[in-house]
Amino acid sequence: MYPELVTRPDLEVLLPPTGGTTVYLFGEVAHLSRPGTLIACRVHDECNGSDVFGSDICTCRPYLIHGIEVCVATAQQGGLGVIVYNRKEGRALGEVTKFLVYNARKRQLGGDRADTYFRRTECVAGVHDLRFQELMPDVLHWLGICRIDRWVSMSNDKRGALEAQGIEIVEQVAIPERLVPHDAEVEIAAKKAAGYFAPTGAPDAIRLRSIKGRAFGE
């Protein structure tokens, strides 16, 4: 997909020309190159249903807003906030596939359940995630970021990709429980049980089976 990875051995950092990444900076941009600058960051993957239309089936919109709040607070303390917005709709499965998954979750026998959250995606798409996180840190390398003091994300896949490429994570910030919509408890519980960042602990199998979202007709 990117022949430069093979044909240009002189390149130390490749920013893939995906045409789908936007970076928002909060604070004094000149501080980006200043050693010791406090940096907050959220790498957010697009979710039209939540980000644009306000769906409460997932935590994308509230997590993005929380990330912006942390970035603004960090900028007010003299640091810098960074929001990287990637067009990777539906874990890079696409919007149509994502809504097919949502439909399957709501219509399945027993309703929308946390214990079948990832299984429904695999039944529809064959996989539960198509994102390639190994390239995700490139935009941060391009910005010259080698340390993130406040990493606003519960994705350990993203954190692992950053740390594997030498970017230090000082503090990982989870979404506050009060910001999780009721219908999104299915998503958040399934992710915690699957090994996502969970400072308050992950639900056990019994608890996971008991967490359900709104019924199809509600």
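Notes on the structure in this doc start here.

By the element assignment, glutamate 89 lies in helix H4 (residues 89-92). Polar contacts involving the side chain of glutamate 89 include one to the side chain of lysine 98, which spans 2.3 Å. Beyond its immediate sequence surroundings of up to four residues, glutamate 89 is in contact with Glu46, Cys47, Asn48, Gly94, Glu95 and Lys98.

Applying the stated rule across the entire model yields 15 salt bridges. Here lysine 98 ties to glutamate 89 by a salt bridge, and the two come within 2.3 Å at their closest N and O atoms. For glutamate 89, a relative accessible area of 8% gives the class buried. Taking the shortest distance from any N to any O, the salt bridge between arginine 113 and aspartate 115 comes out at 3.1 Å. In this structure, a network of salt bridges that share partners links the residues Asp56, Arg105, Lys106, Asp112, Asp183 and Arg214.

In this section: the environment of proline 176. Along the polypeptide, proline 176 turns up in the loop between strand E5 (168-173) and helix H9 (185-193). Judged by its relative accessible area of 21%, proline 176 falls in the partly exposed class. Along the sequence, proline 176 and tyrosine 63 sit 113 residues apart, while their C-alpha atoms lie 8.8 Å from each other.

Under the counting rule described, the total for this entry stands at two aromatic pairs. Between the aromatic rings of tyrosine 117 and phenylalanine 118, the centroid separation amounts to 4.9 Å while the plane-to-plane angle is 85°, which identifies the pairing as edge-to-face. For the pair shown, tyrosine 117 and phenylalanine 118 are each scored as buried. The ring of tyrosine 63 has arginine 42 lying over it, and the distance from NZ or CZ to the ring centre is 4.2 Å.

The next thing to look at is helix H5 (residues 95-107). With 13 residues, H5 should reach 18 Å at 1.5 Å per residue; the first-to-last C-alpha distance of 18 Å fits that figure. Turning to H5, its buried residues are Lys98, Val101, Tyr102, Arg105 and Lys106. All buried residues of H5 project into a common sector of 130° when viewed along the axis, lining one side. Exposed residues pointing more than 90 degrees away from the buried face of H5 are listed as Val96 and Arg107. Where the residues of H5 are buried, they touch helix H2 (48-52), H4, helix H6 (117-125) and H9.

Time to look at the state of the cysteines. Enumeration according to the criterion identifies zero disulfides in this entry. For cysteine 60, which is in no disulfide, the shortest distance to another cysteine sulfur is to cysteine 58 and amounts to 3.6 Å. Under the relative-accessibility criterion, cysteine 60 is labelled buried at 18%.

Analysis parameters
Residues numbered from 1 in each chain as written. Predicted model: local features only at pLDDT ≥ 70, side-chain atom pairs only at ≥ 80, totals over all residues. Heavy atoms only, no water. Helix = DSSP H or I, 4+ residues; strand = E, 2+ residues; numbered from the N terminus. Polar contact = N/O pair within 3.5 Å; in protein donor to acceptor, adjacent residues only side chain to side chain. Contact = heavy atoms within 4.5 Å. Salt bridge = Lys/Arg side-chain N within 4 Å of Asp/Glu carboxyl O. Buried < 20%, exposed > 50% of the residue type's maximum accessible area, 1.4 Å probe, protein only. Phe/Tyr/Trp six-rings, centres within 6.5 Å; stacked < 30°, edge-to-face > 60°. Lys NZ or Arg CZ within 6 Å of the ring centre and 35° of its normal. Expected span 1.5 Å × (residues − 1). Arc of directions from axis to C-beta. Disulfide = S-S within 2.5 Å.

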